[in-house]
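Each chain is listed here by its residues.
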Amino acid sequence: MPKIKDVAKQAGLSVNTVSRVLNNRGYISQETREKVHQVMKELNYQPNEMARALFKKKSNMIGLIIPTVAHPFFAELTYHLEYFADQKGYKLLLCNSNRNVSKEGDYIDMLKKNQVDAIIMGSAVLDVQHYLHLNLPMVSFDRFLSEDIPVVTSDNLEGGRLATKILIDKGCRKPVFMYRGIDGPYHRAMLASERERGYDAELKNAGIEPLHFQLEEEGKDDSGDDCAIVRFLQEHPEIDGVFASSDVIAARVIQACRQLKKDIPSEIRIVGYDDVQLASLITPRLSTVRQPIREMSEYMIQLVVKQIEGEDIDMQSTFPVALIERGTT
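Conventions used here
Residues numbered from 1 in each chain as written. Predicted model: local features only at pLDDT ≥ 70, side-chain atom pairs only at ≥ 80, totals over all residues. Heavy atoms only, no water. Helix = DSSP H or I, 4+ residues; strand = E, 2+ residues; numbered from the N terminus. Buried < 20%, exposed > 50% of the residue type's maximum accessible area, 1.4 Å probe, protein only. Contact = heavy atoms within 4.5 Å. Areas by Shrake-Rupley, 256 points an atom, 1.4 Å probe, with all protein chains shown as cover. Pairing = 2+ DSSP bridges. Axes fitted to C-alpha atoms, helices over the stretch in contact; angles between N-to-C directions. Expected span 1.5 Å × (residues − 1). Arc of directions from axis to C-beta. Salt bridge = Lys/Arg side-chain N within 4 Å of Asp/Glu carboxyl O.

## Concerning the overall build of the protein chain
Assigned secondary structure in the protein chain consists of twelve helices and twelve strands. Looking at the 329 residues of the protein chain, the share that counts as buried comes to 50%. When contacts within the protein chain are restricted to residue pairs at least 6 apart in sequence, long-range pairs at least 24 apart make up 70% of them. Split by element, the accessible area of the protein chain, about 16,300 Å² in all, is 47% carbon and sulfur.

Written as structure tokens, this is what we have:
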């Protein structure tokens, strides 16, 4: 494998000059730059990015910690974050924590060793001091951890109200809020819990008693979700509406209704949350509350870059949501 001294020898230049070209340091003539890059191409020389990061004290990498990229919402979020990071000259280091304390701690150590320039947290189960002690620019997504860490979220409270209101307007009088339990010391920091508050408030305004159904904690085997939903609907045949805290859960409700031969929407109406691609692919197409995933992703990258560049930023940013009505209501 060719080394920097091989490039310098073939180009007839000093190692120091080649290093200055690679790190864009000091004045270098265009002719010299072109010569170095031509020799690099001829020798198929690949610069040591970690060495350059140590030299520049900047890696152009952003760490992203999420529960799992297998979840459609986090898959879409990751896709957009990667796109906008790339537009700003940064690469993402993806960390699937599965909301596991030990695993998240290992990832934090890895991000430190790789000298990332910032961290975006879509999952946080460690004590917040683990992050604050890193002394890195950070953004938290959809969870409030500290006044010192900026947070980006959607209007979960309004989303809960919108989802519940359409169920009521369509005649539902026995709706249920279905959500997945989340374990760990920081589950209460999740702003998505505001969806439940919006649901409760809208029902109480209509004089209807709220009903809740919790699935197993996130991170556990969810293969039993379909059976659990089927059992719940069998035990509560009066249920005529479902507000699911995510499109994935709503899709499972649709499958359960199909198994029970419950017609959607004449017998039961369903509203999800997120508006991931899945929502418009299933049958019937899912009515849902849309989070502006692309816009939030772009803004998170902007926040990260502004912090890296020493600019002032807003500490809490809430994006509006919208109800998208389709075939399940």
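Moving on, there is more to tell.
## Points about the sheet that holds strand S1 (residues 61-66)
Strand order in the open sheet made by the six strands is S2-S1-S3-S4-S5-S11, with parallel pairing throughout. Each edge of the open sheet is held by one strand with a lone partner, namely strand S2 (91-96) and strand S11 (316-319). Neighbour-to-neighbour, the strand axes of the sheet open up by a mean angle of 20 degrees, direction not taken into account. Relative to strand S4 (residues 138-141), strand S3 (residues 118-121) runs parallel, the two being bridged by three bridges. Its bridge partner being in S4, isoleucine 120 is matched across the sheet by valine 139. Lying over the sheet, helix H6 (residues 101-113) contacts S1, S2 and S3, oriented at roughly 160 degrees with respect to S2.

## Some details on helix H3 (residues 30-43)
Taking 1.5 Å per residue, 14 residues should reach 20 Å; H3 reaches 20 Å between its end C-alpha atoms and fits that length. Burial in H3 covers these residues: Thr32, Arg33, Val36, Val39 and Met40. When H3 is viewed along its axis, its buried side chains cluster within an angular range of 135 degrees and face the same direction. For H3, the exposed residues lying more than 90 degrees away from the buried face are Gln30, Glu31 and Lys41. Against the buried residues of H3 lie helix H1 (4-11) and helix H2 (15-22). Within two residues after H3, asparagine 44 carries a phi angle of roughly 55 degrees, on the positive side.

## Some thoughts on the environment of glutamate 158
Along the chain, the position of glutamate 158 falls in helix H8 (residues 156-169). As for glutamate 158 and arginine 197, which are separated by 39 residues in sequence, their C-alpha atoms are 9.3 Å apart.

## So, the pattern of salt bridges
According to the stated counting rule, one finds eleven salt bridges in the structure shown. Between lysine 170 and glutamate 325 there is a salt bridge, with the nearest N and O atoms lying 3.0 Å from each other. Of this pair, lysine 170 sits in the loop between H8 and strand S6 (175-180) while glutamate 325 sits in the segment after strand S12 (322-324), and the two are 155 residues apart along the sequence. Residue lysine 170 is classed as partly exposed on the basis of its relative accessible area of 35%. With a shortest N-O distance of 2.5 Å, arginine 290 and aspartate 275 are connected by a salt bridge.

## Overview of the pairing of S11
Every second residue of S11 is oriented toward a common face, the buried set being Ser317 and Phe319 and the non-buried set Gln316 and Thr318. With four bridges joining them, strand S5 (residues 151-154) and S11 adopt parallel strand pairing. In the strand pairing of S11, valine 151 is matched with glutamine 316.

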